[in-house]
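# Examination of the molecular architecture
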Amino acid sequence: SQQGEEDPQALSIQEGENATMNCSYKTSINNLQWYRQNSGRGLVHLILIRSNEREKHSGRLRVTLDTSKKSSSLLITASRAADTASYFCATDPNTGNQFYFGTGTSLTVIP
Amino acid sequence: SAVISQKPSRDICQRGTSLTIQCQVDSQVTMMFWYRQQPGQSLTLIATANQGSEATYESGFVIDKFPISRPNLTFSTLTVSNMSPEDSSIYLCSAVGSYEQYFGPGTRLTVT
């Protein structure tokens, strides 16, 4: 079963704007990961944040984690048309090493 | 990081037949998993492939339908048995090294 839900389901922005997507999950976790999937392509691992971390950066990506609210956000700054993709969060509950995926956010960046 | 390959990359199969998907990881990993991604949907975990023992299946998935093998630390197979059109999906193999989870390119299965 899916552990998380993402919000919004779909997001459309102009190139150069920032995109924020949110992930909420149900149970305590060890780690949370964000992935990108271009249409018809494989999954690309973006960033992992551990349960004892609150914020992490990687290039134009900024991920936050609030374990008290069981939520995470992914911010993409200065978006580009190439950022158009689906974005998924995945969490591994404390019960094991399995990762469960959220419902995903479909991002469209308009040139 | 781990590089994961899958075979076949895609297949079209007839209803009632079975297909075995192979997954090879280029390094020893602790955990391997199989996921399904139906068109336009997110990924759903099918099972954890355990080395040398029976796989651990998620709710809604059973061994008779999705038998899994993992004879060593770098290789696993997933069989989709007695296929129906509802099994049309992308099947992805995944491996966990230290913390990060990596995915194979997927096998796109169409059942007619």
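Look above for the structure.
Residues numbered from 1 in each chain as written. Chains lettered and ligands numbered in written order. Predicted model: local features only at pLDDT ≥ 70, side-chain atom pairs only at ≥ 80, totals over all residues. Heavy atoms only, no water.

## Looking at the state of the cysteines
Summed over the entire model, instances satisfying the criterion amount to 2 disulfides over all chains. Two residues share a disulfide in this structure: A:C23 and A:C89, whose sulfurs sit 2.0 Å from each other. Across the disulfide from A:C23 to A:C89, rotation about the S-S bond amounts to roughly 70°, and the bridge is consequently right-handed. Here the residue A:C23 occupies a position in strand β3 (residues 19-25), and A:C89 occupies one in strand β9 (residues 85-93), the gap between them amounting to 66 residues. Here B:C23 engages in a disulfide with B:C93; their sulfurs sit 1.9 Å apart. Note on the B:C23 and B:C93 pair: the S-S dihedral is about -65°, so by sign convention the disulfide is left-handed. One end of the pair, B:C23, is in strand β3 (residues 19-25); the other, B:C93, is in strand β9 (residues 89-96), and 70 residues separate them in sequence. The class of B:C93 is buried, set by a relative accessible area of 0%. Left without a disulfide partner, B:C13 is nearest to the cysteine sulfur of B:C23, which lies 18 Å away. The class of B:C13 is buried, set by a relative accessible area of 9%. (Disulfide = S-S within 2.5 Å. Helix = DSSP H or I, 4+ residues; strand = E, 2+ residues; numbered from the N terminus. Buried < 20%, exposed > 50% of the residue type's maximum accessible area, 1.4 Å probe, protein only.)

## Here's the deal with the interface of chain A and chain B
Interface size is commonly expressed as the accessible area that is lost once the parts come together. At the interface, 19 residues of chain A touch 16 residues of chain B. Summed over both sides, the interface between chain A and chain B buries roughly 1600 Å², with carbon and sulfur atoms accounting for 55% of that surface. Taken as a group, A:L43, A:Q98 and A:F99 account for 27% of the area that chain A buries against chain B, more than any other trio of residues on that side. Here chain A is connected to chain B by 0 salt bridges. Linking chain A with chain B are 6 residue pairs in polar contact (both at pLDDT 80 or more), by the criterion used here. Secondary-structure elements contributing two or more residues to the side of chain A that touches chain B are β4 (29-37), β5 (43-50) and β10 (100-101) of chain A. A class-by-class count of the residues in the side of chain A that touches chain B yields 7 nonpolar, 11 polar and 1 charged. (Contact = heavy atoms within 4.5 Å. Buried area = accessible area lost by both parts, 1.4 Å probe. Salt bridge = Lys/Arg side-chain N within 4 Å of Asp/Glu carboxyl O. Polar contact = N/O pair within 3.5 Å; in protein donor to acceptor, adjacent residues only side chain to side chain. Nonpolar A, V, L, I, M, F, W, Y, C, P; charged D, E, K, R; others polar.)

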